[in-house]
Amino acid sequence: MLNDPAMSVVCDGGPLKAMQSSHSLTAQTTLSPSQLELFRAIRTKEPLAKTLTRKTLLKSAQELSQEIKSFISGVDAVHGRKLSVREHARCAVRLLRSVPACREAVLEHLRGVYDEHVSAFLVNLETEGSSTSGGSSNLEDIIQEVHVVLSEFIRLNPRAWAPLVSTWAVDLLGQLSSKHAGRRVAPHSASLNELLQLWMSCAATRSLMEAYSQCLAAMLAWCPDACVDALLDTSVQHSPHFDWVVAHIGSAFPGTIISRVLACGLKDFCSHGAKDQGLLMMGMDKGNRIPKIGSVVGILGHLAAHHSESIRKELLRMFQESLSPSSPLSPTSSSTSWESSPQLRRSAVPFLLQLAAMSPNLFGAVSAELVEQLRPSILLQLQALLQGLPKEELENMLGLAVHLISQSPTGGARVLKFLADTATPASVIISGPTPSPHEGVREGCDRLLQMLLLHLHKLVFNRSDGAEVSPHSSASSQPQRVIPFLEELRSHVAQLCAETLRLERKRHLWLHQLLCLLAVYGGPSVATETLCQLLTQARNPEELALAWQLHTTLSSCMAGLIPAAVAHSVAQIHTHTLGPRQLKQLLLNLSIAIQSQDEDRKGGGAQSSMAVQVGSAVSGHLHDFCPLLLHSDADVSHATARLLSCSPLPRTSSPAHLLLLSRAAVTHFFMALRKRVEAGNVGRDGGQAGEAVNCSVLILSRFAAYSPLTLKAILQQLAEGALHKGNADLFGGQVADMSGAPVTNPSLSSDRGASLLDINCRFSTSVNFSGSVWSVFHAGVIGKGLKHRTASQHPDPAGVIWNIQTLLEVIVQCCTSSGLNGTPSPSDPDEPLPINAEAAKVIAVTLVESVCPDVANGELSWPPEEHARTTVERDIHIRRCFEAHPVLFPLLQVVAAGRPALCYCSAVLRGLMATLLAHWEASREASSTDSPWHLQASCLLVSCMGEGQLLPPVLANVHEAFPHLNPFEVRLLLLAVWEYVRGNGPLPQKFVFSSEKGMFCRDFSRDGDVARYVAPIHSVLHKNIDRLGHLCWRFQL
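Residues numbered from 1 in each chain as written. Predicted model: local features only at pLDDT ≥ 70, side-chain atom pairs only at ≥ 80, totals over all residues. Heavy atoms only, no water.

The protein chain has the name Integrator complex subunit 5 in an unreviewed UniProt entry, where Oryzias sinensis is given as its organism.

Visitor: In this structure, what is going on with the overall build of the protein chain? I would like to understand it.
Guide: Counting its secondary structure elements, the protein chain contains 49 helices and 4 strands. Relative to its full complement of 1037 residues, the protein chain shows a buried share of 47%. With an accessible surface of roughly 49100 Å², the protein chain has 55% of that area assigned to carbon and sulfur atoms. (Helix = DSSP H or I, 4+ residues; strand = E, 2+ residues; numbered from the N terminus. Buried < 20%, exposed > 50% of the residue type's maximum accessible area, 1.4 Å probe, protein only. Areas by Shrake-Rupley, 256 points an atom, 1.4 Å probe, with all protein chains shown as cover.)

Visitor: Would you explain the environment of Leu220 in this entry?
Guide: As for its position among the elements, Leu220 is in the loop between helix H12 (203-219) and helix H13 (224-238). Separated by 40 residues in the primary sequence, Leu220 and Arg260 place their C-alpha atoms 9.9 Å from one another. Among all residues touching Leu220, those that are not within four sequence positions of it are Phe253 and Thr256. (Contact = heavy atoms within 4.5 Å.)

Visitor: Any chance you could explain H13 here in plain terms?
Guide: Residues that lie three or four places apart on an α-helix share one face, since the helix turns once every 3.6 residues. When the terminal C-alpha atoms of H13 are compared, their 21 Å separation across 15 residues agrees well with the 21 Å that a helix rising 1.5 Å per residue should span. By the burial criterion, the buried members of H13 are Pro224, Asp225, Cys227, Val228, Ala230, Leu231, Leu232, Thr234, Ser235 and His238. (Expected span 1.5 Å × (residues − 1).)

Visitor: How do you make sense of the pairing of strand S3 (residues 991-994) when you look at a structure like this?
Guide: The side chains of a regular strand alternate, first on one face of the sheet and then on the other. As judged from the 4 bridges shared by S3 and strand S4 (residues 999-1002), these two strands associate in the antiparallel manner. Of the residues in S4, the one forming a bridge with Phe991 is Arg1002. Here S3 folds back onto S4 in antiparallel fashion, the turn holding 4 residues, of which Gly998 has a positive phi close to 75°. (Pairing = 2+ DSSP bridges.)

Visitor: Help me understand the packing of aromatic side chains, please; the structure alone is not making it clear to me.
Guide: Given two aromatic rings, one states the distance between the centres and the angle between the planes to describe the pair. Applying the stated criterion across every chain, the model contains 10 aromatic pairs. Summarising the aromatic geometry, the rings of Phe670 and Phe731 are spaced 6.2 Å apart at their centres and angled 90° between planes, so their arrangement reads as edge-to-face. With Phe670 in helix H36 (residues 655-681) and Phe731 in the loop between helix H38 (708-723) and helix H39 (755-763), this residue pair connects regions lying 61 residues apart in the sequence. Among the residues examined, Phe731 registers a relative accessible area of 1% and is labelled buried. An aromatic cluster of three or more residues is present, and its members are Phe669, Phe670 and Phe731. Here Arg103 stacks its cationic end above the ring of Trp161, 4.9 Å away from the centre of that ring. (Phe/Tyr/Trp six-rings, centres within 6.5 Å; stacked < 30°, edge-to-face > 60°. Lys NZ or Arg CZ within 6 Å of the ring centre and 35° of its normal.)

Visitor: Teacher, can you tell me more about the side chain of Thr530 here?
Guide: Position of Thr530 relative to the elements: it lies in helix H29 (residues 524-537). Given the relative accessible area of 0%, Thr530 is considered buried. Filtering out sequence-adjacent residues up to four positions away, Thr530 remains in contact with Val493, Cys497, Leu515 and Leu550.

Visitor: Can you walk me through the side chain of Thr528 in this structure?
Guide: Here Thr528 lies in helix H29. Residues in contact with Thr528, not counting those within four places in the same chain, are Leu561, Ala564, Ala565 and His568.

Visitor: Would you take a moment to explain the pattern of salt bridges for this structure?
Guide: Side chains carrying opposite charge are able to pair once their charged atoms draw close together. Summed over all chains, the structure comprises 28 salt bridges. Put simply, Glu691 and Arg642 hold a salt bridge, and the shortest N to O gap is 4.0 Å. With Glu691 in helix H37 (residues 687-704) and Arg642 in helix H35 (residues 634-646), this residue pair connects regions lying 49 residues apart in the sequence. Here the residues in one salt-bridge network are Lys417, Asp421, Glu499, Arg502, Glu504 and Arg507, joined through shared partners. (Salt bridge = Lys/Arg side-chain N within 4 Å of Asp/Glu carboxyl O.)

Visitor: It is not clear to me how helix H9 (residues 140-156) should be interpreted in this structure. Could you clarify?
Guide: In a regular helix each residue adds 1.5 Å, so 17 residues correspond to 24 Å; H9 covers 24 Å between its end C-alpha atoms and thus fits that length. Looking only at H9, the buried set comprises Ile142, Ile143, Val146, His147, Val149, Leu150, Phe153 and Ile154. Down the axis of H9, the buried side of the element spans an arc of 165°, and every buried residue falls inside it. Opposite the packed face of H9, turned more than 90 degrees from it, sit the exposed residues Arg155 and Leu156. (Arc of directions from axis to C-beta.)

Visitor: Is there a simple way to explain the nonpolar core in this structure?
Guide: Soluble globular proteins: nonpolar side chains tend toward being buried together. Judged by nonpolar contacts, the single largest core of 288 residues is most densely connected at Trp168, Leu486, Phe625, Leu718, Leu807, Ile811 and Met945. Considering every element that reaches this core, the biggest residue donor is helix H18 (residues 291-323), with 12 residues. Ignoring any residue separated from it by four or fewer positions in sequence, one finds Ile811 in contact with Leu715, Leu718, Ile843, Leu891 and Val894. (Core = buried A, V, L, I, M, F, W, Y, C linked by side-chain atoms within 4.5 Å.)

Visitor: Sorry if this is basic, but what is going on with the packing of helix H27 (residues 493-500) against H29 here?
Guide: Helix packing geometry: the angle between the two helix axes and the distance between the axes. Here H27 crosses H29 at 45°, and the two axes come no closer than 9 Å. Relative to H29, H27 is oriented oblique. In this structure, H27 crosses over H29, and the sense of that crossing is right-handed. Across the interface between the two elements, Val493, Ala494, Cys497 and Ala498 from H27 touch Val526, Glu529, Thr530, Gln533, Leu534 and Gln537 from H29. Here the residues of the contact of H27 with H29 are counted per class, giving 6 nonpolar, 3 polar and 1 charged. (Axes fitted to C-alpha atoms, helices over the stretch in contact; angles between N-to-C directions. Parallel < 35°, antiparallel > 145°, perpendicular 65-115°, else oblique. Left-handed = near helix turned anticlockwise from the far one by under 90°. Nonpolar A, V, L, I, M, F, W, Y, C, P; charged D, E, K, R; others polar.)

Visitor: Before we go on, may I ask you to explain the packing of helix H7 (residues 85-98) against H9 in this structure?
Guide: In contact at an axis separation of 10 Å, H7 and H9 are set at 10° when each is read in the N-to-C sense. The angle between the axes of H7 and H9 places the two elements in the roughly parallel class. The residues of H9 that touch H7, namely those facing Arg86, Ala89, Arg90, Val93, Leu96 and Arg97, are Asp141, Ile142, Glu145, Val146, Val149, Leu150 and Phe153. Along the lines of polarity and charge, the residues of the contact of H7 with H9 split into 8 nonpolar, no polar and 5 charged.

Put into structure tokens, the structure is as follows:
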């Protein structure tokens, strides 16, 4: 065998020498790379006889020589014909079985066989199986034989075969993946599942994958790094076409691949120098600087889909191990474990930062839990680790950390809170003048936070490649870069505002700056929400100033921010998003902002400008704020009253909104009166209740001066509300039934089963024809006697007087609004403004409708006194209303001051006087003072008629004599008044406007002779001259 020329070349010299010196080899015997490998293997290995197995010893030396010659030359040594691909492959397999020393040459030759099979496989797929594959492509059985041989060798001697086969298999997989990546049937590299399905259906690539998996499983116990290194090297060279291999191997060995990939990546990172770690973030070439880290990122990224929890645990373990003190290796630890190397431990944190910067998914997997693990002890260890780094490397690390935080899609709020908590200086009360034990950690976080704010500022204002972008420009015209950290904080605006308003030393300055950046980044919507949150949560002027500072900062790039914030607040009110406390604070802050306009008007600064904008915005939503006057929470109602009392009124408003404003304001007025009474009854401080009443009075007076519609609505509702049964007790009144009599207290009479009660109740539901035969006087029930008066508690007289004065104050202010309906101002500024006649008429008409609804508007003239019996039931109803509502007389006095409005109350005055005449006629008392109510009513009635100039002065003064007369004499004087009014009807046409006085006046000289009406008065005076002598001058004509 050794005498063969070819074999002598193999044994005597190297492959190159053999190729140069052998002239007997024809073109068919040109040496291929695999044959060169065989020559090299035979020459460098031990003698051939010592390396053969027992099976090989059975063959003859001649047969073995022929096999080697055929493999090297590619020609059948026996028949002299060229070997086909299939025959050549079988020859290589036989050599692999018989001569393991030539394994490298055989494996090199088998690369072509595997490539041939893959090409045929893909061609068959491209032609959709229409053409049958030739003999050269039918290599699946050869692939299977190779797989069986390699598997057996790996199983019997893993230390000799596993490293070689694993490197060969993974490298061949990379070559095949890259070479055939552009084929038509090959999916895109991003379609990992489709790629995996394609290659695993091919026998050649499936065999290589199984062989590599067997090698990796065999090498885990003693040398995993070599196998993983080969995987990483191939991944760097053939990525992304090789990613499907990594995904499959990683899924089969997740724990091993993750830990070993990280370890190999750390070693490669350390060997290339951690000082270059910041360059990747700046756009440097990844492959040239740190070759394997890109592959590490790719592998972990593929495994994250199904093994994210394992990756998270391994990354956190690497971080913790890098900070913990070094410990001796355990017996089971690998001698190449990175934990045993101080240099690798120091590089672990920069390595993890670089990984996070290159893969946001990896950073997101560990960021949340990493912040939780940064306890004080860990921070101290981290500080000690960073102190040993060069300044340039430390700066790169801080810049990389800032970049990571700004690009973090999740956990940004938690990271921000950690940085702010750690960087905030310790309280003086707690730590005193001595420095904090963690001062270095605090300074580091302070610096990191400052760098983060500066970095975010650059990102926010340079989102469109340096072009200046208006916040109101459309996204389509100016595409803007997304900042994940700020995107995540958009949902935490409320919490950020709450933390900012705590005003904790440096902390609120950082957060306020961050809010400004977030508002600019998020555009008008986020800016509006931020300002609205500050207005809602600020509790004092210092905190409220932060809202104005935010507006000052944003006003340069955003217009209409305050109106948008007010509109957003109104939307929250409508959707009941705000609780009572938040709603109250929002309303108070808006009122404070508006009131600051007067304080800063002289300075003319930005605060005054913002106050004007707030006032203008609020005035456009008064109809939205007004319903809050009736809020169930007293504080919210009071805050709304404060806001509306100082807010400017809109220039125009719809009638529906004006009526809504008027109704809510009047209702709030009566509610405020009741709260003031309740506060006085329980002895509480009535300061807030009194302030609420004052605000309500101011609101009503301002609304009444706004337009004639609001004036009429407010006066009408005030008069009706004062007589309403729910408010009657505020003014000393009692609840009356339909007949005007006080309601009977059911507890004072027991039901004896009288049937007339049901009959009367049913009868009262019919139409009431006053003065007809169908009129019924519900005086009582047969068998029970007269109806009992209501057993009501008498209100505090002082409180009643106070409430009446307040009611009259607001009515007079509404009726004397300057310039309203052409009412001129008096020449003397000290004189009170005259009551507007139209306003007084509104009150008069409302009183008539409330006291006696069935009175016709034309009933102004008075009939003879004896004809009053036809309206006796109506007159009794009127008297009972005056008894139940003492506030009617003060209201009549206001009406009388607005001449000639009292004329429209003629029917009410006539009915009341008719009942008083009937009482004095039937009275058998010795003096009029024995009937105090009737005496007071008679005096007030005549006084009101005199004030309204329904009576001349000589008759208007008769009430002064009533207390000194007996009932019969009082009746005589009232009859004289009745006769005068009957003869000189109370008609508005008799009044003429006086420009000097600014009101309507009546010229009594145009009426008939008054002397005939004064005769009874003089007679009474003469009879009681001893008691009335001092009043005689009052009744001179």
